[in-house]
Amino acid sequence: MSSVKDILIEMKNLSELMVDLAYSSVLFQNKEAAEEVLNLEDRVNSLNYEIKKQSLLASRSVEDAEKLTVLLEVAEAAETIGNAAKDLADLSIKGFEPHPVFKMVMEDSETNIYRMKIETGSDLINKSLGNILLSNRTGMRVISIRRDLTWIYGPNKDTIILEGDVLIVKGTEAGYDILNKLAKNEITLDEI
């Protein structure tokens, strides 16, 4: 059984990932990413239930209950964020085309969500995210990886990039340009 702290951390991370995936599902008309948002929403909902249950078990006095109320409100906020991301992803599942204003807003923001495929010969292949230090070198953060028919959410420093992986990344246009060249085997890590 996870601690209340661990559950809150997971809910925060999942709700952030859901928002990123939901935006990318609409921007790229990616139904797979939208479906992953729906799967993650189920996980966030079950974590919210678990935190409520644990809080009830932990509360032994009025003071305990008052302290735990704040944690429950944070958990409820993470679930609300997840529900909003689900609503956004639903647009992609239903086949709605994003309005041109949405694309303009996404293009004008300092950080955007991009997708790229790791091509044959890329210097990124068989390297962990921690070893290649993408965020330091390019300013890009990998938020998820599609590998064949499966997804890796919130990959960590130990996650290995494989040929054919599709990276969903977040960052600046300049960082995207560099990372995309790496993914397409147009430059090597030593060149950046």
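Please refer to the structure placed before this passage.
Right, let's walk through the structure included here. Because the structure is predicted, anything quoted here is derived from the model rather than measured.

**Re the side chain of Ser15**
Turning to its location among the elements, Ser15 is positioned in helix α1 (residues 4-27). Of the residues examined, Ser15 reaches a relative accessible area of 5% and is grouped as buried. Other than its neighbours up to four places away in sequence, Ser15 contacts Ala78, Ile81 and Gly82.

**Re α1**
Think of an α-helix as 3.6 residues a turn; residues three or four steps apart then line up on the same face. When the terminal C-alpha atoms of α1 are compared, their 35 Å separation across 24 residues agrees well with the 34 Å that a helix rising 1.5 Å per residue should span. Residue Gln29 follows α1 closely and has a positive phi angle near 50°.

**Considerations on the sheet that holds strand β3 (residues 141-147)**
Strand order in the open sheet formed by four strands is β1-β6-β3-β4, and the pairing between neighbours is antiparallel. Only two strands of the sheet have a single neighbouring strand rather than two, namely β1 (112-117) and β4 (150-153). For this sheet, the mean angle separating the axes of adjacent strands, direction not counted, is 20°. Pairing analysis gives four bridges linking β3 to β4, with the strands arranged antiparallel. Counterpart to Arg146 in the pairing with β4 is Trp151.

Conventions and cut-offs
Residues numbered from 1 in each chain as written. Predicted model: local features only at pLDDT ≥ 70, side-chain atom pairs only at ≥ 80, totals over all residues. Heavy atoms only, no water. Helix = DSSP H or I, 4+ residues; strand = E, 2+ residues; numbered from the N terminus. Buried < 20%, exposed > 50% of the residue type's maximum accessible area, 1.4 Å probe, protein only. Contact = heavy atoms within 4.5 Å. Expected span 1.5 Å × (residues − 1). Pairing = 2+ DSSP bridges. Axes fitted to C-alpha atoms, helices over the stretch in contact; angles between N-to-C directions.

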